[in-house]
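An overview of the molecular structure
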Amino acid sequence: MHKKMSKKRDIAIIGMGVTKFGELFHQSYDDLVRESVLQATKDAGISLDEIQAGWLSTAFPEIGVFKGRSGMDLLEPLNLYGIPVTRVSNFCASGADAVRNAANALAAGECDVAMALGVEKLRDRSPQDSIVKMMVELSHPYYQKGFTAAGTFAIYAKRIMHEFGLTREDIANISVKNHYHGSLNDKAHHRMICSTEQVLRSPMVADPLTVMDSCPTTDGAACVIMVRAEDVDKTKHNPVYIDGIGLSVSTGWDLPFFDPKHDFLSFQATKDAAAMAYKQAGITKPIDEIDVIEVHDCFSIVELLTYEDLGLCKQGEAKDMIRGKATQLGGEIPVNVSGGLLSCGHPVGATGVRMVVEIATQLRGNSGDRQVKGATKGISHNIGGPGAIASVIVLNKEH
Amino acid sequence: MSFIKEYAIALPHFRISDKVLSPKGRKGQHAICYTDEDIITLAFQACEKIESDIDAILFATTSPIFKDRYHSSYLADLLGLKEGILAMDLGTTNRAGTDAVVLADRLLKSGSNENILIVAADVHYPSIGNETRSAFGHGAVAIVLSGKEGITKITKAKTYSSAMSEEFIYKGEKIQYDSRFARTRGFKNNLAFVLKSEELNSKSINKIYLNSLYAKIGFGQLKKAGFDLESQLGIDDVGKIAGHTGAAHGLMTLINSIEKNKDTSVLLDYHNGINLIEVESIELEKSSFNTKTTEINYYQDYLTLRKQGKFTARGYKSIEMFSSEMISERDKEMLLNLKGNKCKSCGTIYYMKALRCNSCKSDQFLQVQLSKNGTVYSITNEYYFPNSFAPTNMVVIDLDGGGRITVQQTDDMYPSESNLINIGDKVNLVFRKMMENDKKPNYFWKCIKK
């Protein structure tokens, strides 16, 4: 099934920019666009006008500030008219999908310098008016009525605890680990160290997930500028190469909750996307070949599940990875050294791009206190919808 | 001749006692709707148990939720009854329920119908502060009258109209005449007229029931007619456990009577005239009124419950749920009648329609009826979904015989051992309103622990 997706696109990331993630009450959607794009062009050593095409990822314009409904909202704050820009919308995988589309256009020769920008401005509204409102007010009048985003993942957590002996502490320790990592990241939304006890005792959101098992609602933007590998100028650029990109929509929004064959024990989308990306990148044993991973820990249970879905361990064994601290900074395979979504926050459209920037920065060796020593290959992973859509991107320091 | 062929009662799970409503409260208690119940869900709950092939439906209520829309037609649709069926609403007074019996009896005698479904449901709240002076209670009843056969024979079904009404509503205001004048001219006169005209005889009648808010002042008349109050007067058992259920109360009294008595009983259902229903029953040896209940502990909780249509969760005042008449109508068979789709090739049953089977990719499906019983596959408790009684418990259920559905738990205002749901538990689907703050009622399935 992945035959058509097995062709490697020979693409390099040459410029990156990320704003501070957080409650950016002093900045508008447009400010975030400008700040992240200018960082990226500076990093790439190019001027704005050298960008030939753009992909804009904003997942929820209608619950944000009505910005990002089309590619237009990327160019307006930059006064960079006259080039093609497409808005990409694929739930929490939107940012990664913008990167994928930019890479495809470069590979197809549509343009020579492409930009993928993720930006989300959620805090210009109160939290109840945004994500919760979507589940309460705007979704189907019957299906899944009663869920918030947390609940759709908590349903997985409950079943996995029942099947595999995963404990509340195991889930909480994902949050403890990522908050520790986040304390080392000056762009993270929440920078604090916490204990297992604190996670367990924070207010319950959707049993068994507490507030500290859940990522915050955040503003932020991230940008990457990409060229074909053949166009990299080593005298100017500090490139990171894309070895593989997989994206798969593997279930629906409602059907998992009404399909008797859906076991709520894994995300098929992650497995499918990983299979595509691994094939392109020639990866057969990720645990041995990959040095650093960013996974989509919107809720702590999702990170645990993703260990298994990415093939880092067998089904039911994720708990051993967190218990053995294998995924902590300094461990066998550090995961979410940025602090993940739990600590950085989750401006939905920006997250996927931020994670690519994080891995690329690690591979460049520029991650400061949270640098994974000697990292040469990394993965960034996103999952969106209630586990419906996943993206896996493999990055490599070497070409 | 007409017969009661089958019947069913629906009372809400919750009860509030007069002691909770007021420190000066006496002994009464009231059946009271949960946040997601109304006359339609109660009526539906009663009708669910009905098995006969229905050719007419009469709906009686004094607390209509619709105007310019027949509840009977709406319910006929929800129940999947034949299109174009005779469907009519009756209302205005508490004897609307027995009015329907009188009407149905005549329709059956005329031979135009065979099985008539009579549904009566009422949900009234007294004004705040006056609860203990009111005999309110919520409930619904469904009775099928047949022209051919049944468990109880209806030997008389008559109406004696009276112009006088002791209290009534005019331009939204409650009007009360001088009570002695009104009750003498109204109830007493009307009762005397009925007893005389019908020559009701204490020898041939085993039990006599008086359904009226003024029943007591009619006891003298019954005595005069030769009835022994001690042994022959029927007691309002339903009122004791559920309160006065409005238009449903006469029919509930009738059912209580046929469940408790044999031979001939008479119900005199008074409000602005008397309906006389005489039945000949056999021993049924069952009681439809002893259901599992939970007491409401606090007046505050009762106030929250009666805010039907508005919820009080923090921070969500402005949120209204999206509801769509188009979606409800289009997917009616699935959403409301619980019809599923069975893959012709591999047999997997789906609640939701899909173009191709998730297991075998076949595109051929058969429509099947799904069960209302099932086993919990997974569950979570949502603390941030707006709900006056958070958390909202979301339950993934594998239905007996196939199919999976994900619904909210209901009747779970007070978490306890009896409603704590775990993976593997057995649950039942019940028909309720989807959310509390909807602009129009949006009915769907929820679940309760078995």
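Residues numbered from 1 in each chain as written. Chains lettered and ligands numbered in written order. Predicted model: local features only at pLDDT ≥ 70, side-chain atom pairs only at ≥ 80, totals over all residues.

Secondary structure summary: chain B contains 12 helices and 22 strands in total. For 450 residues, the compact-globule estimate of 2.2 N^0.38 gives 22 Å, and the C-alpha radius of gyration of chain B, at 23 Å, lies within 12% of that figure. Considering only C-alpha atoms, chain B reaches an extent of 75 × 55 × 40 Å along its principal axes. Residues counted as buried form 47% of the 450 residues belonging to chain B. The contacts of chain B with a sequence gap of at least 6 include a subset with a gap of at least 24, amounting to 69%. (Helix = DSSP H or I, 4+ residues; strand = E, 2+ residues; numbered from the N terminus. Rg over C-alpha atoms; globule rule 2.2 N^0.38 Å. Buried ≥ 20, exposed ≤ 12 C-beta atoms within 10 Å, placed from the backbone. Contact = placed C-beta atoms within 7 Å.)

This part is about the overall build of chain A. A count of helices and strands for chain A gives 13 helices and 11 strands. Taking 399 residues into account, the globule formula puts the C-alpha radius of gyration at 21 Å, and chain A, at 19 Å, falls close to it. With the principal axes as the frame, chain A shows a C-alpha extent of 55 × 45 × 40 Å. Looking at chain A as a whole, 60% of its 399 residues are labelled buried. Looking at chain A alone, contacts between residues at least 24 apart form 78% of all its contacts between residues at least 6 apart.

A few words on the interface of chain B and chain A. The interface is formed by 43 residues belonging to chain B together with 31 residues belonging to chain A. Those elements giving two or more residues to the side of chain B that touches chain A turn out to be strand S16 (349-350), strand S18 (373-382), strand S19 (392-399) and strand S20 (404-408) of chain B. The element that contributes the greatest number of residues to the side of chain B that touches chain A is S18(B), accounting for 6 residues. Among the residues forming the side of chain B that touches chain A, the class breakdown is 24 nonpolar, 15 polar and 4 charged. (Nonpolar A, V, L, I, M, F, W, Y, C, P; charged D, E, K, R; others polar.)

Attention shifts here to the packing of helix H3 (residues 94-108) of chain A against helix H13 (residues 348-364) of chain A. The packing of two helices is summarised by the inter-axis angle and the distance between the axes. Residue and element names in this part refer to chain A. Their axes nearest at 5 Å, the elements H3 and H13 cross at an angle of 60°. One way to sum up the angle between H3 and H13 is to call them oblique. Each of Ser94, Gly95, Ala96, Ala98 and Val99 in H3 lies in contact with H13, whose residues at this interface are Val348, Gly349, Ala350, Thr351, Gly352, Val353 and Val356. Taken together, the residues of the contact of H3 with H13 sort by class into 7 nonpolar, 5 polar and no charged. (Axes fitted to C-alpha atoms, helices over the stretch in contact; angles between N-to-C directions. Parallel < 35°, antiparallel > 145°, perpendicular 65-115°, else oblique.)

This paragraph deals with the environment of B:Cys47. Residue and element names in this part refer to chain B. Mapped onto the fold, Cys47 is located in helix H2 (residues 39-47). The spacing of Cys47 and Met394 is 347 residues in sequence and 26 Å in space, taken between C-alpha atoms. Leaving out residues up to four positions away in the same chain, Cys47 has contacts with Leu75, Leu79, Leu117, Val119 and Ala142.

All right, on to the nonpolar core then. In terms of nonpolar packing, the biggest core is built from 244 residues, with A:Leu117, A:Val224, A:Met226, B:Val119, B:Ala120 and B:Val141 touching the most fellow members. Broken down by element, this core gets its largest block of residues, 9 residues, from H13(A). Dropping the residues within four chain positions of it, B:Val119 is found in contact with B:Ala43, B:Ala46, B:Cys47, B:Ile57, B:Phe59, B:Leu75, B:Ala140 and B:Ala142. (Core = buried A, V, L, I, M, F, W, Y, C linked by C-beta atoms within 7 Å.)

All names here are of chain A. Strand order in the open sheet formed by 9 strands is S3-S2-S4-S7-S1-S8-S11-S10-S9, with mixed pairing between adjacent strands. The two strands at the open ends of the sheet, each matched to only one other strand, are strand S3 (85-88) and strand S9 (292-294). Within the sheet, the average angular offset between the axes of one strand and its neighbour, ignoring direction, is 25°. When strand S1 (residues 11-18) meets strand S8 (residues 240-249), the two strands line up antiparallel, connected through 3 bridges. In the sheet register, Ala12 faces S8, and the bridge partner there is Tyr241. The sheet contacts of H3 involve S1, strand S2 (53-57), S3, strand S4 (113-120), strand S7 (220-228), S8, strand S10 (377-384) and strand S11 (389-396), and relative to S4 the element is tilted by about 170°. Contacts between helix H8 (residues 268-281) and the sheet are confined to S8, S10 and S11, with S8 contributing the most and set at about 145° to the helix. (Pairing = 2+ DSSP bridges.)

With that out of the way, let us pick up the pairing of S4(A). Residues and elements named next belong to chain A. Burial runs high along S4: 8 of the 8 residues are buried. Here S4 shows no split at all, with Val113, Met115, Leu117 and Val119 on one side and Ala114, Ala116, Gly118 and Glu120 on the other all buried. Where S2 lies against S4, 5 bridges are found, and the strand directions are parallel. When the bridges of S4 are listed, Leu56 appears paired with Leu117.

Residues and elements named next belong to chain A. Looking at chain A, the domain boundaries give domain 1 (3-127 + 219-231) and domain 2 (142-213 + 240-396). Its C-alpha centre places domain 1 at a distance of 22 Å from the equivalent point of domain 2. Of the residues lining the interface, 43 residues belong to domain 1; the matching set on domain 2 comes to 39 residues. Broken down by secondary-structure element, the contributors of at least two residues to the side of domain 1 that touches domain 2 are S1, H3, S4 and S7. Sorting elements by how many residues they give to the side of domain 1 that touches domain 2 places H3 first, with 8 residues. Classifying every residue of the side of domain 1 that touches domain 2 by side-chain character gives 25 nonpolar, 10 polar and 8 charged. (Domains from an automatic or database assignment.)

Residue and element names in this part refer to chain B. Considered domain by domain, chain B is made up of domain 1 (2-306) and domain 2 (325-449). Relative placement of domain 1 and domain 2: their C-alpha centres are 33 Å apart. If you look at the interface, domain 1 gives 16 residues, while domain 2 gives 15 residues. Of all the elements in the fold, those that place two or more residues in the side of domain 1 that touches domain 2 are H2 and helix H10 (299-306). No other element matches the 4 residues that H2 contributes to the side of domain 1 that touches domain 2. Taken together, the residues of the side of domain 1 that touches domain 2 break down into 5 nonpolar, 7 polar and 4 charged.

Residue and element names in this part refer to chain A. Residue position: Gly352 is located in helix H13. Residue classification places Gly352 among the buried positions, given that 33 C-beta atoms sit within 10 Å. Separated by 92 residues in sequence, Gly352 and Pro260 have C-alpha atoms that sit 31 Å apart. Excluding residues within four positions of it along the chain, Gly352 makes contact with Ser57, Ala93, Ser94, Gly95, Ala96, Val99, Gly118, Asn382 and Ser391.

Another aspect to go through is H2(B). Residue and element names in this part refer to chain B. Within H2, 9 of the 9 residues are buried, leaving the element largely enclosed by the surrounding structure. All buried positions along H2 are accounted for by Ile39, Ile40, Thr41, Leu42, Ala43, Phe44, Gln45, Ala46 and Cys47. For H2, the secondary structure elements touched by its buried residues are strand S1 (2-10), helix H3 (71-78), strand S6 (115-122), strand S7 (139-146), strand S21 (426-433) and strand S22 (443-449).

A separate point is helix H4 (residues 96-110) of chain B. Residue and element names in this part refer to chain B. With 15 residues, H4 extends 21 Å from end C-alpha to end C-alpha; this agrees with the ideal 21 Å at 1.5 Å per step. Among the 15 residues that make up H4, 12 are buried, leaving the element largely enclosed by the rest of the structure. Three or more residues of H4 are buried, namely Ala96, Gly97, Thr98, Asp99, Ala100, Val101, Val102, Leu103, Ala104, Asp105, Leu107 and Leu108. Just past H4, the residue Gly111 takes up positive phi, approximately 85°. (Expected span 1.5 Å × (residues − 1).)

A few words now on the environment of A:Gly349. Residues and elements named next belong to chain A. In this structure, Gly349 sits in helix H13. Spatially, the C-alpha atoms of Gly349 and Val37 are 15 Å apart, while their sequence positions differ by 312 residues. Not counting residues within four places of it along the chain, the set of residues in contact with Gly349 comprises Ser57, Thr58, Ala59, Gly68, Ser94, Gly95, Gly118, Val119 and Glu120.

Turning next to the pairing of strand S2 (residues 14-17) of chain B. Residue and element names in this part refer to chain B. The side-chain alternation of S2 yields one buried face, formed by Phe14 and Ile16, and one unburied face, formed by Arg15 and Ser17. Where S2 lies against strand S14 (residues 294-295), 2 bridges are found, and the strand directions are parallel. Directly across from Phe14, in S14, lies its bridge partner Thr294. Judged from the 4 bridges that link them, S2 and strand S3 (residues 29-32) form a sheet pairing that is antiparallel. Pairing of Ser17 across the sheet is with Gln29, part of S3.

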